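The primary structure of each chain is shown beneath.
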Amino acid sequence: MIETYLTIQKNGCDETVIQKSRFIGYAAPCATEEEALQFIRSVREKHRDARHHCYAYIIGRNRGIMRYSDDGEPGGTAGMPMMDVLKNEGVVDCCVVVVRYFGGILLGTGGLVRAYTQGCKTALQASGIVRMELCTAKRCRVSYNLWNQIQNRLQKMPVVLDDVAYTDSVEFVFYTRKADLELCAGMLENMTDGKIQWLDEEEKYLPWTL
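Described in the following lines is the structure provided in the data block. Note that the structure is a prediction, hence the values are computed from the model and not measured.

Turning to the overall build of the protein, a few remarks are in order. Along its length, the protein carries five helices and 10 strands. For 210 residues, the compact-globule formula gives about 17 Å, and the C-alpha radius of gyration of the protein, at 23 Å, lies well above that figure. Expressed as lengths along the three principal axes of its C-alpha atoms, the size of the protein is roughly 75 × 30 × 25 Å. The proportion of buried residues among the 210 residues of the protein is 47%. Of all intrachain contacts in the protein linking residues separated by at least 6 positions in sequence, the fraction that spans at least 24 positions is 70%. Total accessible area on the protein is roughly 10800 Å²; 46% of this is exposed by carbon and sulfur atoms. The average position of the 25 basic charges and that of the 27 acidic charges among the side chains of the protein differ by 7 Å.

Structural data, given as structure tokens:
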């Protein structure tokens, strides 16, 4: 199983003007090809009056699906440069669409490559690249007299606290990267003198900002 991969954190958009042509870059995280195609359709609908809606996307942590389109621009001047940006950044499970409003000045082959490259880069920057790491979620139970101490300790540990429930005791879930699990579990065991109860665990990917 792949333990880490890069993707984007959220939908993002940014605009660049080059020789009076507007290049508007959109990026979105997409877990499936259908999500990527739906995102492309939504951008096209938003900019129905634009001349070009060029795109590139990579789906799958192993880059199993890679597609791009020049959408009417000269071959190799838009989609492929955008795909090169995605590959160079190492991101997967994301789609980028760069919309062009022609400004009346021809940019030439080299100019178009640079413009779509820049449009893709700015869209990724607006979305925020994050490292997804395979984390372990541990569900635990402690008595109320230990909870304040544990809360304070968790704030200083490489964990994400989630799903706290107050009943006859305190149940909580914390996520930590697999590499840190043994250390974190050992610290909680020691500070509670073994009185913490480990209920269950699972694995999931969580973002860790670069």
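In this section: the sheet that holds strand S5 (residues 65-69). Strand order in the open sheet made by the five strands is S2-S3-S6-S4-S5, with antiparallel pairing throughout. A strand with exactly one partner marks an edge of an open sheet, and here the two such strands are strand S2 (12-18) and S5. Neighbouring strand axes in the sheet, compared pairwise and without regard to direction, differ in orientation by 15° on average. Summarising the sheet, strand S3 (residues 21-29) and strand S6 (residues 94-101) pair through eight bridges and their orientation is antiparallel.

Let us now look at the packing of helix H2 (residues 79-89) against helix H3 (residues 108-127). Where H2 meets H3, the axes come as close as 8 Å, and the angle between the chain directions of the two elements is 45°. Judged by the inter-axis angle, H2 sits oblique to H3. For the element pair H2 and H3, the recorded crossing hand is right-handed. Every residue of H3 that contacts H2 at Pro 81, Met 82, Val 85, Leu 86 and Glu 89 is listed here: Val 113, Tyr 116, Thr 117, Cys 120, Lys 121 and Leu 124. Split into classes, the residues belonging to the contact of H2 with H3 amount to eight nonpolar, one polar and two charged.

On to a nonpolar patch on the surface, then. A surface patch of nonpolar side chains, amounting to about 360 Å² of accessible area, comprises Tyr 144, Leu 161, Val 164 and Tyr 166. Counting residues per element, the nonpolar patch draws most heavily on strand S8 (residues 159-166), which supplies three residues. In this structure, Val 164 sits in strand S8. On the basis of relative accessible area, Val 164 is assigned to the partly exposed category, the value being 30%.

Here the focus is unusual backbone geometry. For Gln 19, which is not glycine, the phi dihedral falls at a positive 50°. Structurally, Gln 19 is set in the loop between S2 and S3. In this structure Gln 19 comes out as partly exposed when scored by relative accessible area, which is 47%. A positive phi is found at Arg 63, a non-glycine position, where the angle reads about 55°. Structurally, Arg 63 can be placed in the loop between strand S4 (52-59) and S5. What makes Arg 63 partly exposed here is its relative accessible area of 32%.

Conventions we followed
Residues numbered from 1 in each chain as written. Predicted model: local features only at pLDDT ≥ 70, side-chain atom pairs only at ≥ 80, totals over all residues. Heavy atoms only, no water. Helix = DSSP H or I, 4+ residues; strand = E, 2+ residues; numbered from the N terminus. Rg over C-alpha atoms; globule rule 2.2 N^0.38 Å. Buried < 20%, exposed > 50% of the residue type's maximum accessible area, 1.4 Å probe, protein only. Contact = heavy atoms within 4.5 Å. Areas by Shrake-Rupley, 256 points an atom, 1.4 Å probe, with all protein chains shown as cover. Lys, Arg positive; Asp, Glu negative; His and termini not counted. Charge placed at Lys NZ, Arg CZ, Asp CG, Glu CD. Pairing = 2+ DSSP bridges. Axes fitted to C-alpha atoms, helices over the stretch in contact; angles between N-to-C directions. Parallel < 35°, antiparallel > 145°, perpendicular 65-115°, else oblique. Left-handed = near helix turned anticlockwise from the far one by under 90°. Nonpolar A, V, L, I, M, F, W, Y, C, P; charged D, E, K, R; others polar. Patch = residues over 30% accessible without salt bridge, like charges linked within 9 Å, V, L, I, M, F, W, Y side chains within 5 Å. Salt bridge = Lys/Arg side-chain N within 4 Å of Asp/Glu carboxyl O.

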